[in-house]
Amino acid sequence: MTWICPVCRAEGADTQICPKCGFDRSCDYERYGTLTAPLPAGAQPVSALAAAWQRKLVPGALRCPNCGGVTFYVSTKLRQHICTNCHTPAGVNWAPRFKTESQWYQPARGEAGRGFYRGPVLACGRQTTIAIREDGTVAVAGDNRFDQYSVRDWKDIIAVTAGDSYLVGLRTDGNVTAVGENDDGQCNVEDWANIVAVTAGANHTVALRPGGAVAAVGRNTFGQCDLGGWTAMAAVAAGYHHTVGLRCDGTVAAAGGAFYGQCSVDTWTNIVAVAAGDNHTVGLRFDGTVLAVGDNKHGQCEVEDWTDIVAVAAGDEYTVGLRSDGRAVAVGNNSFGQCNVGGWRDLVAVAAGDNHTVGLRSDGTVVAVGNNQFGQCNVTG
């Protein structure tokens, strides 16, 4: 019996693994739900699909024909896997079956203005929560002392991030917008163009450009914005006083305050995602295990026994992981109940703030726990 691979469309024998791209047919995504439709009976969250295939795909099995890179994002316009580093089509077609294209690869990043989907779709600031609606507008909850709620006028947003008291959005055209506190120039992003990803620390903002170069504005007391020499980056994350970059080869770089060892990431390999807390750094390995370095006063770095993780988030003094089965796990400071996520189900994304945690379910609804002093956990409706 002939079988057609749903990823690269190669025809072959009725085998478990596609000989061309390595797709495991036990992960057939036609059985999975979407962000806007309920899960079919017996189906698993989209996050389970992403994790299962990533774990079973041998690193390097798919390589860019131009630069040899091994990390890719998905172009829903070209229906191709595109190299994260040089943006060359990898020659492997992809037929979309659901709207959460950005869940397909970790990290999933795109070239601005070309019909690509990127994440994250929700983020937590110190006392604020922001999320992207399906129509490209945003919803916000929490602190508004620096006029953060003016994001309600934003349109065509494809990624959001949140700092201490400010919010940043990436538009479909690759331009960036920011509102809120700007004492250190962290919102001075109006000149940025052709950006593919953004991340916000306490008071500094970092952007990823096509080709893997990085730009940064804001507080630079500890050199967290001295990123001019970074190249071939696939993703970036910003902490309180430090910045972390994930290279296309799965290694990691860090700059800025390292007084807790949060920048000691030089030996990390096979990393597919990074997160930065106030003073700790978290890395997700290709096999679904997790690494962490830095401040461990509250056990926020005790993640060595985590498995089957598909996404990570780092808060002030705690760490959150999203499992392949759509559940969440958390360790660290729980003074406000921000780690009480064990009962959450059907998640496709998580975000961590100062002392509150937010999760996005497969049906598009949002849950939150933790400090709600400013209403940052009022995410229903």
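Calculation criteria
Residues numbered from 1 in each chain as written. Predicted model: local features only at pLDDT ≥ 70, side-chain atom pairs only at ≥ 80, totals over all residues. Heavy atoms only, no water. Pairing = 2+ DSSP bridges. Helix = DSSP H or I, 4+ residues; strand = E, 2+ residues; numbered from the N terminus. Axes fitted to C-alpha atoms, helices over the stretch in contact; angles between N-to-C directions. Buried < 20%, exposed > 50% of the residue type's maximum accessible area, 1.4 Å probe, protein only. Salt bridge = Lys/Arg side-chain N within 4 Å of Asp/Glu carboxyl O. Phe/Tyr/Trp six-rings, centres within 6.5 Å; stacked < 30°, edge-to-face > 60°.

Novice: Outline the sheet that holds strand β7 (residues 128-132), supporting the account with residue identities and numerical values.
Specialist: Read across the sheet, three strands follow the order β6-β7-β8 without closing on themselves; strand pairing throughout is antiparallel. What marks the edges here is a single partner per strand, and that holds for β6 (122-124) and β8 (138-142). Averaged over neighbouring strand pairs, the angle between their axes works out to 10° when direction is ignored. Bridge count between β7 and β8: five bridges; the pairing is antiparallel. Bridge pairing in β8 links T129 to A141.

Novice: Give me the lowdown on the environment of I158, citing residues and values where you can.
Specialist: Among the structural elements, I158 can be located in strand β9 (residues 157-162). Relative accessible area serves as the criterion here: at 12%, I158 is assigned to the buried category. Spatially, the C-alpha atom of I158 lies 7.2 Å from that of I132, the residues being 26 residues apart in sequence.

Novice: Outline the sheet that holds strand β17 (residues 252-256), listing residues and values.
Specialist: On the basis of which strands lie adjacent, the open sheet formed by three strands has the order β15-β16-β17 and antiparallel pairing. In this open sheet, the two edge strands, each paired with only one partner strand, are β15 (233-238) and β17. The average undirected angle you get between the axes of adjacent strands in this sheet is 20°. Alignment of strand β16 (residues 242-247) against β17, held across five bridges, turns out to be antiparallel. Bridge assignment links L246 to a residue of β17, and that residue is V252.

Novice: Can you tell me about the pattern of salt bridges, naming the residues and giving the values?
Specialist: Under the defined criterion, the tally for this structure stands at five salt bridges. One salt bridge in this structure joins R126 and D164, with 2.4 Å as the shortest N-O distance. Residue R126 is located in the loop between β6 and β7, and its partner D164 is located in the loop between β9 and β10 (166-171); the two are separated by 38 residues in the primary sequence. A relative accessible area of 14% means that D164 is categorised as buried. The salt bridge partner of D278 is R126, with a shortest N-O separation of 3.5 Å. Here R126 lies in the loop between β6 and β7 and D278 lies in the loop between β18 (271-276) and β19 (280-285), a separation of 152 residues in the sequence. Salt bridges linked by common partners bring R126, D164, D278 and D354 together as one network.

Novice: How would you summarise the packing of aromatic side chains if you had to cite specific residues and measurements?
Specialist: Within the structure shown, the criterion is met by two aromatic pairs. Residues F222 and F259 carry aromatic rings whose centres are separated by 5.3 Å and whose planes lie at 65° to one another, so their mutual orientation is edge-to-face. Of this pair, F222 sits in the loop between β14 (214-218) and β15 while F259 is found in the loop between β17 and β18, placing the two residues 37 residues apart along the sequence. Here F259 falls in the partly exposed class, since its relative accessible area comes to 46%. Judged by centre distance (5.7 Å) and plane angle (70°), the ring pair of F259 and Y260 falls under edge-to-face. The class of Y260 is partly exposed, set by a relative accessible area of 44%. Among the aromatic residues, those joined into a cluster by ring pairs are F222, F259 and Y260.

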